[in-house]
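# Summary of structural features
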Amino acid sequence: MTAVDTPRLYDRNFMLALASQMCFVIANTLMAHYSRWIEFLGGGLGQVGLIMGASATLGLLLRPWIAQWINRLGARLMWLIGYLLFAASAFSNLLLDDLNPLIYLIRALQLLAAAIVFASGLTYISQTAPEHRRTEAIGVLGAGGFFGMLIGPYLGDLILGSGADAAMVARQRSDFVWLFISASLASLLPTIFLILMRTPGSVGTRRSVKLSDFVSTTIRYWPGSVLLIDFIFGICMTAPFIFVASFIDSEPLVIGKHSVIGIFFICYAGWGVTVRLALGNLPDRVGPHKILVIGTALMAIGMFSYAIVSAQHPWLIVIPALLTGTGHGLMFHTMTSLTIQPFPMEVRGTGSALAMMMLDLGTLVGAPALGYVGDRFGYASMFATVGSICVIGMGIYVWRDAAVRLANPSS
């Protein structure tokens, strides 16, 4: 094949985007310990779920305007704005001395910043990568996120202390000060990479920032039942990024004197990135719908497997970590690519924001509800609830996909 037949994907620009993504995810996954901050300030599991879920509302409500501003200002500039907002909001946690309404605003701004970053990054890659390798490009960019997951939670464990001799009551405010300063600095570093990246050619092709324009564009290029999987994935992400730290502390799950949260994320992210890099082009080769179903099924099995983890067998945490890491590694880039696919290049910001909006909605609905289930019935029931939602959603997706293919055999 000639160079014209196979446009280059892994060029200098892509590598800069990959490095930028990895650095930001380190900052963002330091916030996997945010439930410990809420508990340190006096909250319980129910308040963890309420704060984490309700705080997603701002990002969800502003997603349409995020999409329009990405289309107007360009993905690269909005990406930079997201980094700066995250740094400021992480640092703002130092204003808190107890649980009060300000924590909802601060957490909401963190999630809003992450929403801007991830939507901008997805849009940028979908605009600059070769079209026939879009899913692979999104997948490899996400692999940078998995590398960040390997570092962020473990770094947070080092900062906060872990294990039986570092219970919540033993943590000091200074530990959390260092956590939030580290998150702020880690989110500022990738701005250097952004400055060196090129600007996509489609910047400025769309000028409207009206909600009606977002709605009409979404209706015109509606991606279908894959949005349900986006929503379910948002529910699934409450497990590793909201509830796992509390689950590990409550058992407690320790090996020797060390919490297993670092082990969990090494397995979750380490295996996830292996799957992503090894099978990144699999959706393009065998079909994205098949890979999405397989990934959702593995995610469900992983959620059910939390039931076998106990203080007597803490090492069993590797089983749900590996299974859900595999599900994540197969699901995210596949569902995102399918969501973006119907949207033309100049409105890819709308497609990216729509995918992230459904993910936010899953977190918004899932976190408070799951926090209630966990408080009332225990963690095993909470994780099993997520697994059941995956199974139901997968069944609906398979049924709808089959119906669409039957109606449109050429699709």
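Since this is a predicted model, take the numbers as computed values, not measurements. (Residues numbered from 1 in each chain as written. Predicted model: local features only at pLDDT ≥ 70, side-chain atom pairs only at ≥ 80, totals over all residues. Heavy atoms only, no water.)

## Overview of the overall build of the protein
Under the convention used in this document: Strands here are runs of E lasting at least two residues and helices are runs of H or I lasting at least four, both read from the DSSP assignment and numbered beginning at the N terminus. Just to be clear, the radius of gyration here is over C-alpha atoms, and the globule rule we use is 2.2 Å times residues to the power 0.38. Burial here depends on accessible area, computed with a 1.4 Å probe over protein chains only, as a share of the maximum for the residue type. Under 20% is buried, over 50% is exposed, and the range in between is partly exposed. It only takes one pair of heavy atoms within 4.5 Å for two residues to be counted as in contact. Under the convention used here, a 1.4 Å probe and the Shrake-Rupley method define accessible areas, while residue burial counts only the protein chains that appear. Only four residue types enter the charge count, namely Lys and Arg as positive and Asp and Glu as negative; His and the chain termini do not. Charged side chains are reduced to one point each, which is NZ for Lys, CZ for Arg, CG for Asp and CD for Glu.
In terms of regular secondary structure, the protein is built from 18 helices and two strands. What you see for the protein is a C-alpha radius of gyration of 20 Å, in line with the 22 Å of a compact globule of 411 residues. Expressed as lengths along the three principal axes of its C-alpha atoms, the size of the protein is roughly 60 × 45 × 40 Å. Counting all 411 residues of the protein, 56% fall into the buried class. Taking the intrachain contacts of the protein between residues at least 6 apart in sequence as the baseline, contacts between residues at least 24 apart amount to 87%. When the accessible surface of the protein is summed, it comes to about 15900 Å², and 69% of that surface belongs to carbon and sulfur atoms. Distance between charge centres in the protein, computed from 24 positive and 19 negative side chains, equals 9 Å.

## Quick word on the packing of helix α11 (residues 226–236) against helix α16 (residues 318–340)
This is how it is decided: In this analysis an axis means a line fitted to C-alpha atoms, helices contributing only their contacting stretch, and an angle means the value between N-to-C directions, from 0 to 180 degrees. Any angle between 65 and 115 degrees counts as roughly perpendicular, while under 35 counts as roughly parallel, over 145 as roughly antiparallel, and the rest as oblique. By convention, the crossing between two helices is left-handed when the near helix turns anticlockwise from the far helix through less than a right angle, and right-handed when the turn is clockwise. Only Asp, Glu, Lys and Arg are considered charged, only Ala, Val, Leu, Ile, Met, Phe, Trp, Tyr, Cys and Pro nonpolar, and every remaining residue, Gly among them, polar.
Contact pair α11 / α16: the axes reach a minimum separation of 10 Å and the direction vectors enclose 140°. Comparing the axis directions of α11 and α16 gives the class oblique. Here the hand of the crossing between α11 and α16 comes out left-handed. Note on element contacts: α16 touches α11 through His328, Met331, Phe332, Met335, Leu338 and Thr339, opposite Val226, Leu227, Ile229, Asp230 and Phe233. Considering only residue class, the contact of α11 with α16 consists of eight nonpolar, two polar and one charged.

## A word on the nonpolar core
As a reminder of what qualifies: Take the buried Ala, Val, Leu, Ile, Met, Phe, Trp, Tyr and Cys residues and link them wherever side-chain atoms come within 4.5 Å; each set so joined is a nonpolar core.
In terms of nonpolar packing, the biggest core is built from 114 residues, with Tyr34, Ile125, Phe247 and Tyr306 touching the most fellow members. Looking at this core element by element, the count peaks at 12 residues for helix α6 (residues 102–128). When neighbours within four sequence positions are excluded, Tyr306 is seen to be in contact with Ala239, Val244, Phe247, Phe264, Ile317, Pro320 and Phe383. One finds Ala56, Leu60, Ala67 and Leu364 within the second-largest nonpolar core, a separate group that totals seven residues.

## Remarks on the confidence of the model for the protein
The condition is simple: Confidence scores here are pLDDT values: one per residue, from the predictor, ranging 0 to 100.
Here the protein averages 85 in pLDDT, and 91% of its residues register 70 or above. Low confidence marks residues 1–6, where pLDDT is under 50. Its contacts with residues over four positions away, or in another chain, come to two contacts. Across residues 163–169, confidence stays below pLDDT 50; counting only partners more than four residues off in sequence or on other chains, it has 12 contacts.

## Concerning helix α10 (residues 211–220)
This is how the line gets drawn: Our arc is simply the arc of the directions from the helix axis toward the C-beta atoms.
Of the positions making up α10, those classed as buried are Asp213, Phe214, Thr217 and Thr218. Buried residues of α10, viewed axially, fall in a sector of 130°; they line one side. Exposed and oriented more than 90 degrees from the buried face of α10 are Ser212, Ile219 and Arg220.

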